[in-house]
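So the chains spell out like this:
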Amino acid sequence: MRKETREYNFDWMLWNSFTAAAQLKKGTEKEYRSMLKYIPYFRGVVESILDAGEPGQKFLDICSKYMENVITAKEKGKKTAITTFCFSPAIFYAMDIIPVCLEVISVMMTFTYKRGTAEFLDYCNEVGYTETSCSSQRGTIGAYLAGIGADIDMIVTDTPGVCDTNANAFAFASAYLDKPFFQLDMPPDLTGERSNEYHREDYRALIKFLEEQTGKKLDPEKLRANLRELAKQDEIIAELEDLARMVPNPLPVSYNLMVYASRFLFAGMPECTGVLESMLEVARENAAKNISGLSGGVEKLRAFFCYIDHYAQNLQLWKMLDINGICYQGNILSRSWAHNAPHVTEYNKEEVAYTIDTTDIDSLIDSLAMINSRMPMIKSIRGPYDAPNMWLEDTLGLAKLYNADLIVYNGTPGCRNTWGMVKLFARDTEKAGFPTYIMYADAFDARVQSWEATEERFMEFLKVRRLV
Amino acid sequence: MIKELLDASTVLNNKHVIQWKKNGKKVVGYTCSYVPDEVFHAAGILPFRIRGFGAADTTIGDTYFGPFVCSLPKCMLQLAGEGKFNFLDGVIITPGCDSMRRLDECWRKAGSDVDGVIPSFFFHYGVPHKYSDYTIKWLTEETHRLIAAVEEHFKVKITDENLHRSIKLYNQSRMLLDRFEAMRTLDAPPFNGEDALAVILAGTTMPREEYNSLLEKFLSEAENSPVIKNRVRLMLVGSANDDAGLVRVMEGEKAVVVADNLCFGSRFYTDQVEESGDPVSALSKRYLGHNDCPRMYGDYKRRLDILVQKVEKAKIDGVILQNIRFCDLHGSENGLFERDLEAMGIPCMRLEREYGPLVETGRMKMRVDAFIERIHQKKAIA
Amino acid sequence: MFVSGVDVGSLTSKAVIMKDDRIVKSVIIKSKARPWESADEVMDMALARAGLDRKDIKNCVGTGYGRDKISFIDEAVSEIACHGRGARWLVPSVRTVIDIGGQDCKAIRLDAKGDMMKFITNDKCASGTGRFLEVMAKVMNLDLDELGEMSARSKQPVTFASACTVWAQADVIQQLNDKVPIEDIAAGVNNAMASRMAILANSIGLENDVCMTGGVAKNNGVVNALEKHLGIRIKRIRREDPQIAGAIGAALFAMEKASGGVI
């Protein structure tokens, strides 16, 4: 790591960048335009998001707010917990703990900085953490290992049984930084009495842990309010997802990213609701006019991403899709497994989905355990890919429901889990009639394969398969 | 005696297995040290630890697994695809780690592509990642599920009485291995690390009764064997290793491996199973609680303590921390071990390798030699 | 009393003859397919040039990949120890040695007395080794020596996505096709190499003074880039060719042995 990188706290820098970005359009258009040339590596993100209008503005606002929460946690007397994207933050907010979500912060850095998270990725290797580990956590964790981030009080993850390399990042950080650790462990089966009970017991142990760490009892009223907000958010997401089924899809390509990012940042909080409501408004307007959300206005192809996105600098994945008239039909990160989600009702999967029951403290905790066990990846990557309710069934169901023309896999080389089965998975999706493209890139590290190479290969695939 | 154990450790379908099958009995393979042998023994089935030993390449493994995956399960699948595991009547897969648990899908897919590659009994045994009352309960239920499946498929009955008997037999074995461990860590041990690994491995490939008697003979012979002196004493830590050749390369002429924490090593035999009470719950407690793999997240300090105790007990001069490429669990934990053990003044060397044919021995040897030189220097200064 | 050290590497083989802590003769040749042939040839050449015979050599230590197969040596010592010892002789104040050889790179930390405290080597492929630079230089149609000089002239070094030999090679070809100035590509290659090396060096903890040995130490582009990455000054070796550090170390071990010491 360069000396100058150590000069300022990285999370404080990130907060600065996003706060400044969120202010850009609050002046005149001329001021805005003249500012852009000073942020050559960030302007792509700023332009794409702010051009999305009010939802984009609100989205940048909450990114800034999130980072502000992280860096001011201590002065506000709050505890901080390093956590993961597939862990619903609702419980942290209910217990006055500020979640520090590694993957989301890695995405923010990868989007905005010229070097992305490269220095922190490499720093991990220098202190003994393997370079083959997933870059999604490694990017941010490196900064915390180097001690150039906010003070961390505890480390909490829910990926054991789902993703080793993810779980291992948290276990390593806990041992390296000597911080308390808690894991929610996931059994291989999603449903059934044994799994349900295990999820519930485990979640109760988590609450006990959090109570010990904060020295405060869980306040049922606060939790109830959060879960009610969450239910409201699920309603909005369900409607957005339903709208995405229309041809043309009225949702701009960046909406999917904003849906999942808002949930990972502020699930159960009004900040998230604000962004979602604003997106819904635009989507409804577009739908009423029957216009496509793509900036070119013409929908040529619909792609379903069966895993995660590619977070190359300046939102280049989304730009590529938009320019080529490829409609983004979602990925596993954005799909919610609330009882009212379109794919749940379409396929009668209510028994697999979660419902929010705010009756009493027990039902609240059980609801949370259910929500958490159905988070992206946690739900569908835990068992064999071809088992009921797992990756293949979910992907084929969603790809059909959203009328996808092709399926795209992108991950990171650290993802032992999906790389262990993706060849078989793609054989099956191809057999089911979906051209399936496997990207060999790293979603968080352009040094593995440059975005230009990734883009070229993707377009090549479309050509070879006569999709364009 | 060592010859017979060595043969059993290097030939998968060895004479014990062949004899067993000739008698019309069944063999079930498993991939991970969290699977309780006793369950199969109680059913009159031979539990057999699946390995990738002897795979010359991974062309079949690579057909199903993607890149960026550990070479151990790829080698296992390779051998399965080549028909080397045709003697197995069943297979148990666990979520030991991500690479290993995807062997489930890859093997099944290979089985659907090529007849005879997969045995008819194929079972996924879900092992939790932490130790607490409800995780033991889960594993106990999971073991009952396994027992029921074995009973149904193989038309056998696994009674508590049989389980108790099997637990006793395996405990005897563990007691013998404790004696073996004590001998191995002597100031002047009567056998080297290469032989030690062969002795341990042999136990995973033959009926336990035969193994116990061979082991007993080996120990009494060892008591009168010439001893090994004046060598640098190493401990081998990290990813699975079932290749005695790797230990031979490391030992060379100047060193001897006198301790390990490997899953094909001491992890496999430490600690007894409770002999009274409910046998299934006793098995679950031992297998989940006394198996020190980094897959049990958040338990690093305990594992470090175990290493430190071993270093003291076995008078270790240096620790080799190795991992198979893409094994993040061991690789990262090795990074922590290095930091903490070095801080205590214990020389460590990290090494990343591939599982499979020993091809990089030159590079490995160069580094181990340099490490031994470093230890000599340290001793000379002291 | 003459002693000698021979270092058989994957790309080059080196022999050094010493007397009373002074170098009498040193030779570098390109390695042959078999290590013992390289050893014989390089040693015979050094002896001939020094006007000596094999029997004049009191003790000879071998190091490098094929050291166990060299028939004429008295003892084999690992190249890590030899590079540490050789670097110490070249720069007496050195505490951290970074060696980039043809097929591997290593970082060695020495204590105040020059004894090896810790070392690390690359595990993987050719990225971060001399072979990486050789391959890239070939793609650019440059001599290996030119590659280093080029960096100094670069105004806008190219950033390479990867330090992997295979990927970077494709990228270099792409840049050449795009008519990017060759010095910018060369600087990019040197940077990629240095960043890879910096991770390794940082992971053993740097202590001043730091010096570089091995053939790549002669490439100023890499050395300058590495200084930037590490944020410290790397002491340049001027006493002798840094490429023969391993052979010097071997000869020093031979000297110790010949004077009755134990290696």
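Residues numbered from 1 in each chain as written. Chains lettered and ligands numbered in written order. Predicted model: local features only at pLDDT ≥ 70, side-chain atom pairs only at ≥ 80, totals over all residues. Heavy atoms only, no water.

Whenever I open this one, the overall build of chain C confuses me. Can you help?
Counting its secondary structure elements, chain C contains eight helices and ten strands. Over its C-alpha atoms chain C spans a radius of gyration of 18 Å, differing by no more than 12% from the 18 Å that the globule rule assigns to 263 residues. With respect to the three principal axes, the spread of C-alpha positions in chain C is 60 × 35 × 30 Å. Per-residue burial for chain C yields a buried fraction of 57% across its 263 residues. Sequence-distant contacts in chain C: of pairs separated by 6 or more residues, those separated by 24 or more amount to 66%. Working note: accessible area of chain C is about 10700 Å², and carbon and sulfur atoms make up 47% of it. Looking at charge distribution, chain C has the averaged site of its 35 positive side-chain charges lying 2 Å from that of its 33 negative ones. (Helix = DSSP H or I, 4+ residues; strand = E, 2+ residues; numbered from the N terminus. Rg over C-alpha atoms; globule rule 2.2 N^0.38 Å. Buried < 20%, exposed > 50% of the residue type's maximum accessible area, 1.4 Å probe, protein only. Contact = heavy atoms within 4.5 Å. Areas by Shrake-Rupley, 256 points an atom, 1.4 Å probe, with all protein chains shown as cover. Lys, Arg positive; Asp, Glu negative; His and termini not counted. Charge placed at Lys NZ, Arg CZ, Asp CG, Glu CD.)

Honestly, the layout of surface pockets in this entry has me stumped. Any pointers?
Where empty space is left becomes clear once a probe the size of a water molecule has been rolled over the atoms. All names here are of chain C. Approximately 600 Å³ is the volume found for the second largest pocket. If you go around the second largest pocket, you meet 35 residues; those closest to its centre are Leu 144, Gly 214, Gly 215, Val 216 and Gln 243. Going through the elements one at a time, strand 1 (2-8), strand 2 (12-19), strand 3 (22-30), helix 2 (79-90), strand 6 (96-100), helix 3 (130-139) and helix 4 (144-153) are the ones with two or more residues in the lining of the second largest pocket. The element contributing the most residues to the lining of the second largest pocket is helix 4, with four residues. Here the lining of the second largest pocket gathers at least three residues from each of two domains, domain 1 (1-91 + 240-263) and domain 2 (93-236). (1 Å grid on protein atoms, 1.4 Å probe; cavity = no way out; pocket = protein on both sides within 12 Å on 5 of 7 lines; lining within 4 Å. Points joined across faces, edges and corners; volume = space filled by probe spheres on them. Domains from an automatic or database assignment.)

How should the sheet that holds strand 3 (residues 90-93) of chain B be read in this particular structure?
Sheets are built from strands paired through backbone hydrogen bonds, the pairs being either parallel or antiparallel. Residues and elements named next belong to chain B. The four strands are arranged 2-1-3-4 in an open sheet whose pairing can be described as parallel. Two strands lie at the open edges of the sheet, namely strand 2 (46-49) and strand 4 (121-124), each paired on one side alone. Neighbouring strand axes in the sheet, compared pairwise and without regard to direction, differ in orientation by 20 degrees on average. With four bridges connecting them, strand 1 (residues 27-30) and strand 2 associate as parallel partners. Bridged to Val 28 within strand 2 is Pro 47. (Pairing = 2+ DSSP bridges. Axes fitted to C-alpha atoms, helices over the stretch in contact; angles between N-to-C directions.)

Explain the nonpolar core to me, please; I cannot follow it from the model alone.
Nonpolar side chains in soluble globular proteins tend to be buried together. By size, the foremost hydrophobic cluster in this structure holds 287 residues, and its most contacted members are Ile 91, Tyr 311, Trp 391 and Phe 458 of chain A. The biggest single contributor to this core is helix 8 (residues 245-258) of chain C, with ten residues. Both domains that furnish three or more residues to this core are identified here as domain 1 (1-91 + 240-263) and domain 2 (93-236) of chain C. Apart from the residues lying within four places of it in its own chain, the contact partners of Trp 391 of chain A are Cys 306, Tyr 307, Ile 332, Ser 380, Ile 381, Tyr 385, Tyr 409, Thr 418, Met 421, Val 422 and Phe 425 of chain A. Counting residues in each nonpolar core, the second largest holds 35 residues, with Ala 198, Val 210, Ala 225 and Leu 226 of chain C among its members. (Core = buried A, V, L, I, M, F, W, Y, C linked by side-chain atoms within 4.5 Å.)

Looking at this structure, how should I read the interface of chain B and chain C?
Size of an interface, as often reported, equals the accessible area lost when the parts are brought together. Taken residue by residue, the interface counts 17 residues in chain B and 20 residues in chain C. Area buried by chain B at its contact with chain C is led by Arg 363, Met 366 and Gln 377 of chain B, which between them contribute 37% of it. Counting across the chain B and chain C interface gives one salt bridge. Of the charged contacts in the structure, one is a salt bridge between Arg 67 of chain C and Asp 369 of chain B, with a shortest N-O distance of 2.9 Å. Our count for the chain B to chain C interface comes out at five residue pairs in polar contact (both at pLDDT 80 or more). (Buried area = accessible area lost by both parts, 1.4 Å probe. Salt bridge = Lys/Arg side-chain N within 4 Å of Asp/Glu carboxyl O. Polar contact = N/O pair within 3.5 Å; in protein donor to acceptor, adjacent residues only side chain to side chain.)

Would you mind going over the interface of chain A and chain B with me for this structure?
Of the residues lining the interface, 51 residues belong to chain A; the matching set on chain B comes to 46 residues. Summing the contributions of chain A and of chain B, the shared interface buries around 4200 Å²; its carbon and sulfur component is 53%. Three residues, Asp 164, Arg 194 and Arg 416 of chain A, lead the burial of chain A against chain B; their summed loss comes to 18% of the area buried on that side. Across the contact surface, chain A and chain B share ten salt bridges. The shortest N-O distance in the salt bridge between Asp 328 of chain B and Arg 416 of chain A comes to 2.6 Å. Counting every contact that joins chain A to chain B gives 39 residue pairs in polar contact (both at pLDDT 80 or more). Mapped by element, the contributors of at least two residues to the side of chain A that touches chain B are helix 9 (164-177), strand 4 (181-183), helix 10 (193-214), helix 18 (416-419) and helix 19 (422-431) of chain A. Looking at side-chain class alone, the side of chain A that touches chain B contains 24 nonpolar, twelve polar and 15 charged residues. (Nonpolar A, V, L, I, M, F, W, Y, C, P; charged D, E, K, R; others polar.)

So what exactly am I meant to see when it comes to the pattern of salt bridges here?
All names here are of chain A. Scanning the model with the defined rule gives 83 salt bridges over all chains in all. Here Arg 33 makes a salt bridge to Glu 29, at a shortest N to O gap of 3.2 Å. Residue Arg 33 and its partner Glu 29 are both found in helix 2 (residues 29-36); the two are separated by four residues, about one turn of the helix. Among the residues examined, Arg 33 registers a relative accessible area of 39% and is labelled partly exposed.

Would you mind showing me how to read the packing of helix 1 (residues 2-10) of chain B against helix 11 (residues 208-223) of chain B here?
In helix packing, the relevant descriptors are the interaxial angle and the interaxial distance, both defined with respect to the helix axes. Residue and element names in this part refer to chain B. At a minimum axis separation of 10 Å, helix 1 and helix 11 run at an interaxial angle of 135 degrees. By the criterion of interaxial angle, the relationship of helix 1 to helix 11 is oblique. Between helix 1 and helix 11 lies a crossing whose hand is left-handed. Taking contact as the criterion, the partners of Ile 2, Glu 4 and Leu 5 in helix 1 are, on helix 11, Tyr 211, Leu 214 and Phe 218. Broken down by class, the residue content of the contact of helix 1 with helix 11 amounts to five nonpolar, no polar and one charged. (Parallel < 35°, antiparallel > 145°, perpendicular 65-115°, else oblique. Left-handed = near helix turned anticlockwise from the far one by under 90°.)

How should the sheet that holds strand 7 (residues 318-324) of chain B be read in this particular structure?
Residue and element names in this part refer to chain B. With respect to topology, four strands assemble into an open sheet ordered 6-5-7-8, the strand pairing being parallel. A single partner strand is all that each edge strand has here, and the edge strands are strand 6 (255-260) and strand 8 (348-353). Recorded for the sheet is a direction-independent mean angle of 30 degrees between the axes of neighbouring strands. Pairing of strand 5 (residues 232-238) with strand 6 involves five bridges; the strand directions are parallel.

Got a minute to help me understand the domain arrangement of chain C in this structure?
All names here are of chain C. On domain assignment, one finds that chain C holds domain 1 (1-91 + 240-263) and domain 2 (93-236). Taking only C-alpha atoms, the centre of domain 1 and the centre of domain 2 are 25 Å apart. Listed by partner, the interface residues are 16 residues for domain 1 and 28 residues for domain 2. Summing the contributions of domain 1 and of domain 2, the shared interface buries around 1800 Å²; its carbon and sulfur component is 63%. Looking at the side of domain 1 facing domain 2, the largest losses of area belong to Ile 80, Arg 88 and Val 91, adding up to 36% of the total buried there. Seen at the junction of domain 1 and domain 2, the total is two salt bridges. Glu 79 is paired through a salt bridge with Lys 106; the nearest N and O atoms lie 3.3 Å apart. The interface formed by domain 1 and domain 2 contains ten residue pairs in polar contact (both at pLDDT 80 or more). Ranked by residue count, the leading element in the side of domain 1 that touches domain 2 is helix 2, at seven residues. Tallied by class, the residues present in the side of domain 1 that touches domain 2 amount to eight nonpolar, four polar and four charged.

What should I look at first to understand the side chain of Asn 331 of chain A in this one?
Residues and elements named next belong to chain A. In this fold, Asn 331 is placed in the loop between strand 6 (326-328) and helix 15 (342-346). Using a relative accessible area of 0% as the deciding quantity, one classes Asn 331 as buried. At 3.4 Å, the side chain of Asn 331 and the side chain of Asn 256 are in polar contact. In this structure the side chain of Asn 331 is engaged in a polar contact, spanning 3.2 Å, whose partner is the side chain of Asp 309.

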